[in-house]
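An overview of the molecular structure
Listed here are the chains, written in short residue letters.
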Amino acid sequence: MNRARLLTVHLRAALKAELQYRGNFAAQALDAVIGLGVALGAIEVLFSRVDSLAGWTAPQLVLLTGIYLIVGGIVNLVVHPSLSRFVREVLNGTFDFVLLKPIDAQLLVGLREVQVWKAVDISLGCAVVGVALGIQGLPGPAPVAGALLLVGVGACLMCAVWFIAATSVFWLIRIDNILAILQSCFQSAKWPAGVYPRWLRTFLTVVLPMTVSTAVPAEFATGRGSLLRGTFAVLACGALCVLSRWLWKRGLRRYASASS
Amino acid sequence: MRAALLLYRAYCAGSWGVQRRYPAAMCIWVLGVALEPVLYLAVWHTAAGGGQLGGFSGGDFAAYYLLVMLVNHVSYTWFFMVMDRRVREGGFSALLLRPVHPLHGDIAENLTFKAITAVAVVPMAVLLCLTMEVRFRLGVLDLTLAAPSVLTGAVLRMSLEWTLSLAALWTTRVESFGRVYGFVSHFLGGFAAPLTALPAALHATASWTPFPWMVAFPVELAMGRHPAAEAVRGLLVQAGWLVASLVLLRTVWRRALRRHTAVGG
């Protein structure tokens, strides 16, 4: 209870700090819309020349884009900006102040900043999914429930990946751009895994499970879900969450304060 | 000239000293930069299947994106990110105290980083060459034309992006502006698709902007997709954009200096 209140306070402060920069604010909104435009534009350009891509039709790919925006929006709303700050703090030596606070540091580190405009991404994503479902029709209650669950699992999976990457700062010290790189790697989740050559597909499923987080729920939403792949997503999510916690604890033990 | 060389040598040595301490950061960075062209390569390669799209076969797409990866490595910058933090946290004031234009330090850092990371980009390119069936027809003439074009494109891109990142002095936060710029250049610059594969209207729009002259045009030259007359015309347009961008850099820099109010004292 106390924790929840503390975190709300932090988030509110972060929100206020973010609201100070109005120019940036407007640019973020434009950013979201252009981002969607680019994603849909790429599909439009592509499907002006072909009828299907690795077995996916245009509406199915639009649906995948919607889910991509939702999952990416969830990660970028709180976890990404918070962890970017954490990575900078370890380098600058101000991480000590976090550790001094009487609350679980991993929780605090992951929830201190908020990029409020990423909520636009999430709503745009929902709208896109809605439109795509309107075109192709609802697949029935069970697949929809599965898809909803798997979107949550996908977001959770990505947050775990972000945490693991950020935690590596304890060993590698200067990796201020690792999260930006993860973001650009996450673009691979915009496309179905089938388009990638085999080595890359394996990499994007097992090492950096980007495609798992979006394509698996999209398969369910288009009524082609496979229970095996769904279970894999859930298991991968669980495993990576545990791994991220474990790594965090090891990392903390290794952390030798920069200021003392 | 000699002074400039000495200056760059000192700057490069400085940033080499810093950057070589963090090899892991560099490997990760390279992975990210190289991955994007690979994604589009995979998508277009799959889409083309055995046929042709917008004048490109699967093998052509592979060659195109492979070259985009290499040419992009020469010219990409992270000025928006640097300038955003620099202005917000007050680092800009210290730079202004030096008797040298801050642009030089940024370019030297950029070049050093890329010289080091080339060690990872080249093997990545080789790996792609081996795993995708790339169709190259590299002619001596094409490469001779492409070399100055790559350089011009890189200088054009660096000066334009540095100039735009100065917007930080007006808006303080400039990273999202940088992302908007990134999106636009992504489409009009031939990253999302080769320009000839874009819809006609978009292709026509692109040719009136500076974006295709940074990476797409040098790549097309290297692939020998332009007849000689068109290639020469393109090189001239590229040079025109370069001059325009340098003039813009000068003008904006003067105004930015007047605009600057120190943060952090």
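Residues numbered from 1 in each chain as written. Chains lettered and ligands numbered in written order. Predicted model: local features only at pLDDT ≥ 70, side-chain atom pairs only at ≥ 80, totals over all residues.

Chain B appears in an unreviewed UniProt entry as ABC-2 family transporter protein from Kitasatospora cystarginea.

Identification of chain A as ABC-2 family transporter protein from Kitasatospora cystarginea is taken from an unreviewed UniProt entry.

**Some details on the overall build of chain A**
Condition: Working definition: helices are DSSP H or I runs of at least four residues, strands are E runs of at least two. Numbering for both runs from the N terminus. What the globule rule says is 2.2 Å times the number of residues to the power 0.38, and the radius of gyration is computed from C-alpha atoms. Burial in this document is a count-based property: other C-beta atoms within 10 Å of a residue's C-beta are tallied, and the residue is buried at 20 or more, exposed at 12 or fewer, or partly exposed in between, with C-beta positions derived from the backbone. C-beta atoms are first placed from the backbone for all residues, and any pair lying within 7 Å is then listed as a contact.
Along chain A, the regular secondary structure elements total 12 helices and zero strands. Ordered by position from the N terminus, the helices and strands of chain A form the series α-α-α-α-α-α-α-α-α-α-α-α. Over its C-alpha atoms chain A spans a radius of gyration of 19 Å, differing by no more than 12% from the 18 Å that the globule rule assigns to 260 residues. Taken along the three principal axes of its C-alpha coordinates, chain A extends 60 × 40 × 35 Å. Counting over 260 residues, chain A shows a buried share of 43%. The long-range share in chain A, meaning contacts at least 24 apart out of those at least 6 apart in sequence, stands at 80%.

**Side note on the overall build of chain B**
A count of helical and extended segments in chain B gives 12 helices and two strands. Each helix and strand of chain B, placed in order from N terminus to C terminus, yields the pattern α-α-β-β-α-α-α-α-α-α-α-α-α-α. With the C-alpha coordinates of chain B rotated into their principal frame, the extents come out at 65 × 40 × 35 Å. Taking all 265 residues of chain B together, the buried fraction comes to 44%.

**Examining the UniProt feature "transmembrane region" (unreviewed entry) in chain B**
All names here are of chain B. The line we're drawing: UniProt positions are given in the numbering used here, feature names are shortened, and annotations may be inferred rather than shown by experiment.
Taking the numbering used here, the UniProt-annotated feature "transmembrane region" (unreviewed entry) corresponds to residues 21–43, 63–83, 183–211 and 231–249. Between the C-alpha atoms that bound residues 21–43 the distance is 36 Å, and the span itself is 91% helix and 0% strand. For residues 183–211, helix accounts for 48% and strand for 0%, while the C-alpha atoms at its two ends are 11 Å apart.

**A look at the packing of helix H3 (residues 58–75) of chain B against helix H6 (residues 102–131) of chain B**
Residues and elements named next belong to chain B. To keep it simple, the criterion reads: To obtain an axis, a line is fitted to C-alpha atoms, over the contacting stretch when the element is a helix, and the angle between two such axes runs from 0 to 180 degrees between their N-to-C directions. In what follows, roughly perpendicular refers to angles from 65 to 115 degrees, roughly parallel to angles under 35, roughly antiparallel to angles over 145, and oblique to any angle outside these ranges. Each residue gets one of three labels, nonpolar for Ala, Val, Leu, Ile, Met, Phe, Trp, Tyr, Cys and Pro, charged for Asp, Glu, Lys and Arg, and polar for the others, Gly among them.
One can describe the packing of H3 onto H6 by two numbers: an axis separation of 10 Å at closest approach and a directional angle of 180°. Taken as axis vectors, H3 and H6 run roughly antiparallel relative to one another. Facing Leu66, Met69, Leu70, His73 and Val74 of H3, the residues of H6 in contact are Lys114, Ala118, Val121, Ala125, Leu128 and Cys129. For the contact of H3 with H6, a count of residues per class yields nine nonpolar, one polar and one charged.

**Thoughts on the UniProt feature "transmembrane region" (unreviewed entry) in chain A**
All names here are of chain A. UniProt records the feature "transmembrane region" (unreviewed entry) at residues 25–47, 59–79, 116–135, 147–173, 199–218 and 230–248, using the numbering of this structure. A distance of 30 Å separates the end C-alpha atoms of residues 59–79, which is 100% helix and 0% strand. A helix fraction of 90% and a strand fraction of 0% characterise residues 116–135, whose end C-alpha atoms lie 30 Å from each other.

**What about unusual backbone geometry?**
Phi at A:Ala54 takes a positive value of approximately 50°, unusual for a residue other than glycine. Structurally, the position occupied by A:Ala54 is in the loop between helix H2 (22–47) and helix H3 (58–92).

**Quick word on the nonpolar core**
Heads up, the condition is: Take the buried Ala, Val, Leu, Ile, Met, Phe, Trp, Tyr and Cys residues, join any whose C-beta atoms are within 7 Å, and the set you get is a nonpolar core.
By size, the foremost hydrophobic cluster in this structure holds 152 residues, and its most contacted members are A:Leu157, A:Trp162 and B:Leu67. A total of 19 residues in this core trace back to one element, the largest contributor, which is H3(A). For B:Leu67, the residues in contact, after removing those within four places along its chain, are B:Val219, B:Ala222 and B:Met223.

**Here's the deal with helix H2 (residues 23–48) of chain B**
Note the threshold: An expected span of 1.5 Å times one less than the residue number is assigned to each helix.
Between the first and last C-alpha of H2(B) there are 38 Å, a value that for 26 residues agrees with the 38 Å anticipated at 1.5 Å per step. Counting buried positions along H2(B) yields 20 of 26 residues, so the element is predominantly enclosed.

**As for helix H12 (residues 228–259) of chain B**
Residues and elements named next belong to chain B. With 32 residues, H12 should reach 46 Å at 1.5 Å per residue; the first-to-last C-alpha distance of 46 Å fits that figure. For H12, every residue scored as buried is listed here: Ala231, Gly234, Gln238, Trp241, Leu242 and Ser245. Buried residues along H12 sit against helix H7 (140–165) and helix H11 (216–222).

**A few points about the interface of chain A and chain B**
The interface of chain A with chain B comprises 36 residues on the first partner and 34 residues on the second. Mapped onto the side of chain A that touches chain B, the elements with two or more residues apiece are H2, helix H9 (178–186) and helix H10 (198–207) of chain A. Per element, the largest residue contribution to the side of chain A that touches chain B is 13 residues, and it comes from H2(A). Looking at the side of chain A that touches chain B, its residues break down into 23 nonpolar, 10 polar and three charged.

**Focus on the packing of H2(B) against H3(B)**
Residues and elements named next belong to chain B. Just so we agree on the cut-off: Helix crossings are classified by the rotation of the near helix relative to the far one: an anticlockwise turn of less than a right angle makes the crossing left-handed, while a clockwise turn makes it right-handed.
Two elements in contact, H2 and H3, have axes whose closest approach is 9 Å; the angle formed by their N-to-C orientations is 165°. When the interaxial angle is binned, H2 and H3 end up roughly antiparallel. As H2 packs across H3, the resulting crossing turns out to be right-handed. Every residue of H3 that contacts H2 at Val33, Ala34, Pro37, Tyr40, Leu41, Trp44, His45 and Ala48 is listed here: Gly58, Phe61, Ala62, Tyr65, Val68, Met69, Asn72 and His73. For the contact of H2 with H3, a count of residues per class yields 12 nonpolar, four polar and no charged.

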